[in-house]
Amino acid sequence: YANGRALDTSLVSGAREAAARVQSLVPGSAAAMLVRAYVSRHVEHQYDSARGYLERGTRLAPSDFRFGANLALLQYQNLGEADESLRHFERARALDPRNASLAELHARALIAAGRVDEARVAADRALALSPMISPGVATRVRVELTAGDTVAARLLLAQLAPGMTGGRPLLELAVLAG
């Protein structure tokens, strides 16, 4: 399933074949581990397999932030392990400190782990890197809502959201903030 709909079996088969091709072209490589992890996580929903591929990839390419980022996302989004995901987010952020999306996702994991003050810092970092990304604005507002400060959430929405095309996340937060 993807977005609540069953995947077309030909797409699933095609993804598996593409992963097998990469594996055959560069067996045991970091690229092969990344592709296998993606298929395991997003197509087959085999999270333990995805974790294994990502951990192997990390050993093969320790300076590639994508392995830590994907391990963090797997733990946070699929396994409900927000606390455990944080060390992978921190490692990935150290390898790619200018990645606004990674900073924003790190902030979301910090919120889920109940570390609101750290989430505020991470969300501010994401906004400093890319002030116009609506997920970053939404996450920053979500930090204040999590902290129970609806006044700060409303002020942030008024300050950051005007003129921004953010769609659903900002609208939902505007409703929550009152």
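See the structure printed just above.
The notes below deal with the structure included here.

Conventions adopted
Residues numbered from 1 in each chain as written. Predicted model: local features only at pLDDT ≥ 70, side-chain atom pairs only at ≥ 80, totals over all residues. Heavy atoms only, no water. Helix = DSSP H or I, 4+ residues; strand = E, 2+ residues; numbered from the N terminus. Expected span 1.5 Å × (residues − 1). Buried < 20%, exposed > 50% of the residue type's maximum accessible area, 1.4 Å probe, protein only. Contact = heavy atoms within 4.5 Å. Salt bridge = Lys/Arg side-chain N within 4 Å of Asp/Glu carboxyl O. Core = buried A, V, L, I, M, F, W, Y, C linked by side-chain atoms within 4.5 Å. Axes fitted to C-alpha atoms, helices over the stretch in contact; angles between N-to-C directions. Parallel < 35°, antiparallel > 145°, perpendicular 65-115°, else oblique. Left-handed = near helix turned anticlockwise from the far one by under 90°. Nonpolar A, V, L, I, M, F, W, Y, C, P; charged D, E, K, R; others polar.

Some words on helix 3 (residues 47-60)
Here is step 1 of the chain: The first and last C-alpha atoms of helix 3 sit 20 Å apart over 14 residues, in line with the 20 Å expected at 1.5 Å per residue.
Here is step 2 of the chain: A50, G52, Y53, L54, G57 and T58 are the residues of helix 3 that are buried.
Here is step 3 of the chain: Against the buried residues of helix 3 lie helix 2 (30-43), helix 4 (65-78) and helix 5 (82-95).

Description of helix 5
Here is step 1 of the chain: Here helix 5 contains 14 residues, and its C-alpha end-to-end distance of 20 Å stays within 8% of the 20 Å for a straight helix at 1.5 Å per residue.
Here is step 2 of the chain: At its buried positions, helix 5 is contacted by helix 4, helix 6 (100-112) and helix 7 (116-129).

Description of the environment of A72
Here is step 1 of the chain: Here A72 shows up in helix 4.
Here is step 2 of the chain: Residues A72 and R51, 21 residues apart in the sequence, show an inter-C-alpha distance of 9.8 Å.
Here is step 3 of the chain: The residues contacting A72, other than those within four sequence positions of it, are S85, H88 and F89.

Comments concerning the pattern of salt bridges
Here is step 1 of the chain: Here the structure, examined in full by the defined rule, presents nine salt bridges.
Here is step 2 of the chain: Notably, a salt bridge pairs R140 with D124, separated by 2.6 Å at the nearest N-O pair. One end of the pair, R140, is in helix 8 (residues 134-146); the other, D124, is in helix 7, with 16 residues separating them in the sequence.
Here is step 3 of the chain: Each member of the salt-bridge network shares a partner with another, and the members are D117, R120, D124, R140 and E144.

Points about unusual backbone geometry
Where the residue is not glycine, phi is negative for most of them; where a peptide bond is considered, it is trans in most cases.
Here is step 1 of the chain: For H45, which is not glycine, the phi torsion reads 55° and is therefore positive.
Here is step 2 of the chain: For H45, the location among the structural elements is in the loop between helix 2 and helix 3.
Here is step 3 of the chain: With a relative accessible area of 33%, H45 lands in the partly exposed category.

Concerning the side chain of Q75
Here is step 1 of the chain: Tracing the sequence through the fold places Q75 in helix 4.
Here is step 2 of the chain: Filtering out sequence-adjacent residues up to four positions away, Q75 remains in contact with R51, G80, E81, A82, E84, S85 and H88.

Some details on the nonpolar core
Here is step 1 of the chain: In terms of nonpolar packing, the biggest core is built from 19 residues, with Y76, F89, L102, A109, L110, A119 and V143 touching the most fellow members.
Here is step 2 of the chain: When contributions to this core are tallied by element, the ones reaching two or more residues are helix 4, helix 5, helix 6 and helix 7.
Here is step 3 of the chain: Top contributing element to this core by residue count: helix 6, with six residues.
Here is step 4 of the chain: The residues touching V143, leaving out its near neighbours within four places in the chain, are I111, V116, A119, R120 and A123.
Here is step 5 of the chain: A30, A37, A50 and L54 belong to the second largest nonpolar core, which has twelve residues in total.

Description of the packing of helix 6 against helix 7
Helix packing for two helices is described by the angle between their axes and how far apart those axes are.
Here is step 1 of the chain: Remark: helix 6 packs on helix 7, axes separated minimally by 8 Å, with the N-to-C direction vectors making an angle of 160°. When the axes of helix 6 and helix 7 are compared, the pair comes out roughly antiparallel. Between helix 6 and helix 7 lies a crossing of left-handed hand. Listed contacts from helix 7 to A100, A103, E104, H106, A107, L110 and I111 of helix 6 are E118, A119, A122, A123, R125, A126 and L129.
Here is step 2 of the chain: Looking at the contact of helix 6 with helix 7 residue by residue, the class counts come to ten nonpolar, one polar and three charged.

By themselves, these figures tell us nothing about what the structure is for.
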